[in-house]
Amino acid sequence: MTDIGDMAANRLRRLLLSDKSALPAGFTEVVRREAERTLSGYMDLKGRVDVLIDVDESGLYRIEIRAAAEGIIACKRI
Amino acid sequence: MSNTVVVTSGKGGVGKTTVTASMGFALAARGVNTLLIDGDVGLNNLDVALGMENRAAYDMADVMTGKCRVAQAILQVPGYPLYIMPSAHAVYSEQIKAGDFRALIARLGGSFDYILIDCPAGIEGGFHRAVSASEYAIVVTTPHVSAVRDADKVITLLSGYELRGISLIVNRVRGDLLARGETLEPKEISRLLRYPLLGVIPEDDEITVCSQLGRIGMAESSSRAAFEMAVGNMLTGEGRIYDPTAKYRGIIGALRSHFRRRA
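To keep things clear, this report deals only with the structure shown in the data block. (Residues numbered from 1 in each chain as written. Chains lettered and ligands numbered in written order. Predicted model: local features only at pLDDT ≥ 70, side-chain atom pairs only at ≥ 80, totals over all residues. Heavy atoms only, no water.)

1. Some words on the sheet that holds strand S3 (residues 75–76) of chain B
All names here are of chain B. Threshold: In this analysis, strands are considered paired if DSSP registers two or more bridges between them. By the criteria applied, helices consist of DSSP H or I runs no shorter than four residues and strands consist of E runs no shorter than two, each listed in order from the N terminus. The contact criterion used throughout is that any non-hydrogen atoms of two residues lie within 4.5 Å. To obtain an axis, a line is fitted to C-alpha atoms, over the contacting stretch when the element is a helix, and the angle between two such axes runs from 0 to 180 degrees between their N-to-C directions.
Spatial ordering of the open sheet is given by S3-S4-S2-S5-S1-S6-S7-S8, a layout of eight strands whose pairing is mixed. What marks the edges here is a single partner per strand, and that holds for S3 and strand S8 (197–202). Here helix H1 (residues 16–29) sits on the sheet and contacts strand S1 (3–8), strand S2 (34–38), strand S4 (82–85), strand S5 (114–118), strand S6 (136–141), strand S7 (165–173) and S8; the angle it forms with S5, its principal contact strand, is near 165°. The sheet strands contacting helix H8 (residues 186–193) are S6, S7 and S8, and the helix crosses S7 at an angle near 145°.

2. Considerations on a nonpolar patch on the surface
Residues and elements named next belong to chain B. Where we set the bar: Patch building starts from residues that exceed 30% relative accessible area and form no salt bridge, then joins like charges within 9 Å and nonpolar side chains (Val, Leu, Ile, Met, Phe, Trp, Tyr) within 5 Å. Residue burial considers only the protein chains on display, and all accessible areas are found by Shrake-Rupley using a 1.4 Å probe. In what follows, salt bridge is the name for a side-chain nitrogen of Lys or Arg lying within 4 Å of a carboxyl oxygen of Asp or Glu. Each residue's exposure class comes from its accessible area (1.4 Å probe, protein chains only) as a fraction of the maximum for that residue type: buried when under 20%, exposed when over 50%, partly exposed otherwise.
Side chains of Ile-251, Ile-252, Leu-255 and Phe-259 sit close together on the surface and give an oily, nonpolar patch of about 460 Å² of accessible area. Position of Ile-252 among the secondary structure elements: in helix H11 (residues 250–262). Ile-252 sits in the exposed class, given a relative accessible area of 58%.

3. Side note on empty space enclosed by the protein
In this approach the atoms are scanned with a rolling probe the size of a water molecule, which exposes any empty space left behind. All names here are of chain B. Going by this rule: With a 1 Å grid laid over protein atoms only, a set of points is called a cavity when a 1.4 Å probe fits there but cannot get out and a pocket when it is open yet has protein on both sides within 12 Å along at least five of seven lines; lining residues have an atom within 4 Å of a point. Grid points are joined across faces, edges and corners, and a volume is the space filled by probe spheres set on the points. Only Asp, Glu, Lys and Arg are considered charged in this grouping, and only Ala, Val, Leu, Ile, Met, Phe, Trp, Tyr, Cys and Pro are considered nonpolar; every other residue, Gly among them, is considered polar.
Summed over all chains, the structure comprises one cavity of 30 Å³ or more. In terms of lining residues, the largest cavity is bounded by 13 residues, among which Ser-22, Phe-25, Ala-26, Gly-217 and Arg-224 are the most central. Counting residues per element, the ones that place at least two in the lining of the largest cavity are H1 and helix H10 (222–236). Class assignment for the residues of the lining of the largest cavity results in eight nonpolar, three polar and two charged.

4. A look at the pattern of salt bridges
All names here are of chain B. Per the counting criterion, the structure on display carries 16 salt bridges over all chains. A salt bridge links Arg-224 to Glu-228; the shortest N-O distance between them is 3.7 Å. One end of the pair is Arg-224 and the other is Glu-228, both in helix H10 and four residues apart, which spans about a single turn. Arg-224 gets classed as partly exposed once you look at its relative accessible area, which sits at 26%.

5. Here's the deal with the interface of chain A and chain B
To be explicit about the condition: Summed over both partners, the accessible area lost on bringing two parts together, with a 1.4 Å probe, is the buried area.
Opposite the 14 residues of chain A that make contact, chain B presents 14 residues. Taking both sides of the interface into account, the surface hidden between chain A and chain B amounts to around 1,300 Å²; carbon and sulfur atoms contribute 60%. The largest contributions to the chain A side of the interface with chain B come from Leu12(A), Leu16(A) and Asp19(A), which together make up 35% of the buried area. Applying the counting rule to chain A against chain B returns two salt bridges.

Next comes the structure, spelled out in structure tokens:
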């Protein structure tokens, strides 16, 4: 038999996580630009930097930054 | 110095006023000198729940504007060390400033062991006024997804205040549904909201009836035992939580659950 209480708890868990990950509009874009600006000071970036912000079950924010670089500027200077 | 506790929820209709009044009675029954303050300015109901609505000559606003002395706006519930200060019913909520409210609570602090503030529903100015005057918060929810979600939002806001403690009361829990695994478990709610349970209160028709008659402290049913346990936890940290499933266990319990479902 399906456990309705468990289903409700799972639904609630998803809702609470969704509420917590509802960052202000444009927040992720601001972080993305900052990350791109910082990384481009050290590396020759290839393409766009992507930032993914999520919340795990314990309420911690998980931030994933994805970027590709063709070279490291600091090494070139050396 | 008294302990000032705001009873709040987020979602309306979860039984905040009933919980405030019942906790007050349970505290007073243990001899704890308790004052209940209706923080729901303009939409006051605490006096009605206690059957004191016709006894109030003055209210909170009268004290603040100097129309009466503090003692004149405080009513005693007959037979108990339980007192109530009715809310201002003839003014708009915005007219009662948070600073003035805090000053009033500070003045009253020396005269009572516990002050329970019945917070207005929602997260507007009235919420800030009540919470900013408090040291502890009790968040009331029911085991419904929407109520718990709103409780979570309120808890997020509460974390911005310098409170000494936040705990949860899960109200109106149906033991038959809980025994069959058909409703959210209070312990799971506590785990998801990440705050401790102060109490679990069963759904209780007698509370509804007593509330309508203005005799909320007179209920002699299972909810009374549940409130007594919650108050024990508040005073001594006993950690006893009422089990609403108890009467739905065993053969008799299964029959009771079956007939309740059919009803």
